[in-house]
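# Tertiary structure, described
Residues per chain are reported as follows:
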Amino acid sequence: MANKYIPHTEEDVAAMLERIGVGAIDDLYSDIPEEVIFRGEYDIPAAMSEIELRRHFEDLAAKNKNLKIFAGGGAYDHYSPSVVAHLLARSEFYTAYTPYQPEISQGTLQYIFEYQSMICELTGMEASNASMYDGATATAEAMMMMVASAKKKNRVLLSSTISSHVEDVVKTYAKFHGVDLTVVPEKDGATDLEAIAGELQAGDVAGVIVACPNKYGIIEDFSGLADKVHAAKALLAINCDPSALAVLRTPAEWGADIACGDGQSLGMPLQFGGPYLGFIACAKATLRKMPGRVVGATKDADGKRAFVLTLQAREQHIRREKATSNICSNQSLMALYATIYVALMGTKGLEEVNALSCDGAHYLCGKLIATGKFRMAFDRPFLKEFTLRTDLDVKKLNEYLESKGYMGGIDMGDGLVSFAVTEKRTKEEIDEFVALICEA
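My aim in this report is to walk through the structure given alongside it, one point at a time. (Residues numbered from 1 in each chain as written. Predicted model: local features only at pLDDT ≥ 70, side-chain atom pairs only at ≥ 80, totals over all residues. Heavy atoms only, no water.)

### A closer look at the overall build of the protein
Helix and strand counts for the protein stand at twelve helices and 17 strands. Along the three orthogonal principal directions, the C-alpha set of the protein runs to about 75 × 55 × 55 Å. Burial statistics for the protein: of 440 residues in total, 46% are counted as buried. In the protein, once contacts between residues fewer than 6 apart in sequence are set aside, the share between residues at least 24 apart is 69%. Split by element, the accessible area of the protein, about 23,400 Å² in all, is 52% carbon and sulfur. Within the protein, one finds 44 positive and 60 negative side-chain charges whose respective centroids are separated by 5 Å. (Helix = DSSP H or I, 4+ residues; strand = E, 2+ residues; numbered from the N terminus. Buried < 20%, exposed > 50% of the residue type's maximum accessible area, 1.4 Å probe, protein only. Contact = heavy atoms within 4.5 Å. Areas by Shrake-Rupley, 256 points an atom, 1.4 Å probe, with all protein chains shown as cover. Lys, Arg positive; Asp, Glu negative; His and termini not counted. Charge placed at Lys NZ, Arg CZ, Asp CG, Glu CD.)

Listed below in structure tokens is the structure:
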């Protein structure tokens, strides 16, 4: 056969074409304009032996630049113990699919249950789903939860201090789901809580979404916000960094109804944007509006501990087109990644990661200000990420730093640049980074 991986004989193909009344396979594509059809030769190399293929990929890998990273913006260069990738690569995990049949999926169901438990412990919430695509879509789904939970309310308030890429995704969801999204202004680098209070007075708000830490790295103070939101019969969601929750107040402690964000900070490597891990956790009152699946623990017929899909709020199973969400799949492998990482680090390990990151960030901040080329943009607390104001050309500066093996800060426009420091950055690297900036 010409295509040995296609399990159909010529007779099979002929029978199917006859059944649907088509003379040839090409006729199935007759609607495609001739001018857009590629008729040339594909630039595919000849077959290689195993050793040749390994060398080929080694040559490709050598083209990558392994930079020392001082940027954040929602993706952080935290260290991941080698055992995480080793366990993740086991075939029973690496090739596992959605656990529809609990009797043969106990391993997958168990680690998802453990993942949910860890997310609940980090966020302080009562329930978590079985993970989602990424933090941006998880936040958008939180918005949909709010609207679905509200009675005849279709407006959601979104703080402008949330990361811009998250804001873009939330706006896209809102547009195509008919949600009236209002972006709340910021004040001195934090959410304008007075503006939120003013918007709530209209009585048409289903929910409010804020972030902590926010896009500037600032740890916002949400004292009293939940009371105001709940008094207006609305819900409060906080987009958060799960790693930072080891040392910061949890969304539950702020009185939030929903916690959401990206689990990338739980040791996941920076790999051209993914795969990452979205999470949503919530109070029991909104559990049935949460998308995806919830794994629960129970007992089997013999009284032994077992795991099942307790809740599957997805359109394939219930409500069809009236379902809260169309999210069908989950980042199960990444949920396992986070589960192994958190289990290895434990409470003390996560606290140490944050302490080292915090010390490094404040050290770098002080050194940069001492150069005279930067000044504080906001007088507010931060953990591992911070934003400074500068008159330098950030684009040219970052190009120079890249040529020296460093990834510089993120150009946020209007003279603002944000930097991030994790436990991987040493004092020597920070000092060299600052020296290079002075040279540039």
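Anyway, onward from the coordinates.
### Observations regarding the nonpolar core
By size, the foremost hydrophobic cluster in this structure holds 51 residues, and its most contacted members are I196, L200, V208, V210, L236 and I238. The leading source of residues in this core is helix 10 (residues 332-370), at ten residues. Apart from residues lying up to four places away in sequence, V208 is in contact with M146, L157, I196, L200, V229, L235, L236 and A237. By size, the runner-up hydrophobic cluster in this structure holds 30 residues, among which are L158, I162, L181 and A211. (Core = buried A, V, L, I, M, F, W, Y, C linked by side-chain atoms within 4.5 Å.)

### So, the state of the cysteines
Counted according to the given criterion, the structure contains zero disulfides. C240 forms no disulfide, and the closest cysteine sulfur to it belongs to C260, at a distance of 6.7 Å. Taking relative accessible area as the criterion, C240 reaches 5% and is therefore assigned buried. Of the residues examined, C260 reaches a relative accessible area of 0% and is grouped as buried. (Disulfide = S-S within 2.5 Å.)

### Quick word on the pairing of strand 17 (residues 416-420)
Burial analysis of strand 17 places five of its five residues in the buried class, the great majority of the element. Burial along strand 17 is two-sided: the face carrying L416, S418 and A420 and the face carrying V417 and F419 are both buried. Sheet topology note: the strand 14 (residues 385-390)/strand 17 ladder contains five bridges and is antiparallel. If you follow E385 over to strand 17, its bridge partner there is A420. As judged from the three bridges shared by strand 16 (residues 410-413) and strand 17, these two strands associate in the antiparallel manner. (Pairing = 2+ DSSP bridges.)

### Remarks on the environment of Y406
As for its placement among the helices and strands, Y406 is situated in strand 15 (residues 406-407). On the accessibility criterion, Y406 (1% relative accessible area) is buried. Sequence-wise, Y406 and A259 are 147 residues apart; in three dimensions their C-alpha atoms are separated by 33 Å. Discounting chain neighbours no more than four positions away, the residues touching Y406 are L67, K68, F70, L401, E429, E432, F433 and L436. Separated by 2.9 Å, the side chains of Y406 and E432 make a polar contact. (Polar contact = N/O pair within 3.5 Å; in protein donor to acceptor, adjacent residues only side chain to side chain.)

### Digging into the sheet that holds strand 14
Sheet architecture is open: four strands sit in the order 13-14-17-16, paired in antiparallel fashion. Of all strands in the sheet, those bounded by a partner on one side alone are strand 13 (374-376) and strand 16. Pairs of neighbouring strands in the sheet enclose a mean axial angle of 40°, with direction left out of account. Where strand 13 lies against strand 14, three bridges are found, and the strand directions are antiparallel. Bridge pairing in strand 14 links R375 to R389. Its contacts with the sheet place helix 10 against strand 13, strand 14 and strand 17, and it is angled at close to 10° to strand 14. (Axes fitted to C-alpha atoms, helices over the stretch in contact; angles between N-to-C directions.)

### Quick word on the packing of helix 6 (residues 135-149) against helix 7 (residues 164-177)
The description of two helices packed together rests on the angle between their axes and the distance between the axes. The contact between helix 6 and helix 7 brings their axes to 8 Å, and the two run at 40°. Put simply, helix 6 runs oblique to helix 7. Handedness of the crossing formed by helix 6 with helix 7: right-handed. Of the residues in helix 7, those touching helix 6 at A136, T137, T139, A140, E141, M143 and M144 are H165, V166, V169, V170, Y173, A174 and H177. (Parallel < 35°, antiparallel > 145°, perpendicular 65-115°, else oblique. Left-handed = near helix turned anticlockwise from the far one by under 90°.)

### With respect to a nonpolar patch on the surface
Together, I20, I25, L28, Y29, I32 and V36 make up an exposed nonpolar region whose accessible area comes to about 580 Å². With a relative accessible area of 49%, Y29 lands in the partly exposed category. (Patch = residues over 30% accessible without salt bridge, like charges linked within 9 Å, V, L, I, M, F, W, Y side chains within 5 Å. Salt bridge = Lys/Arg side-chain N within 4 Å of Asp/Glu carboxyl O.)

### Notes on the pattern of salt bridges
Side-chain pairing between opposite charges can occur once the charged atoms of the two side chains come close. Summed over the entire model, instances satisfying the criterion amount to 14 salt bridges. A salt bridge links D241 to K384, with the shortest nitrogen-to-oxygen separation between them at 2.8 Å. Of this pair, D241 sits in the loop between strand 8 (235-240) and strand 9 (258-262) while K384 sits in the loop between strand 13 and strand 14, placing them 143 residues apart in sequence. K384 matches D241 in its accessibility class, with the two residues each being buried. One salt-bridge network, in which partners are shared between bridges, spans D77, K424, R425 and E429.

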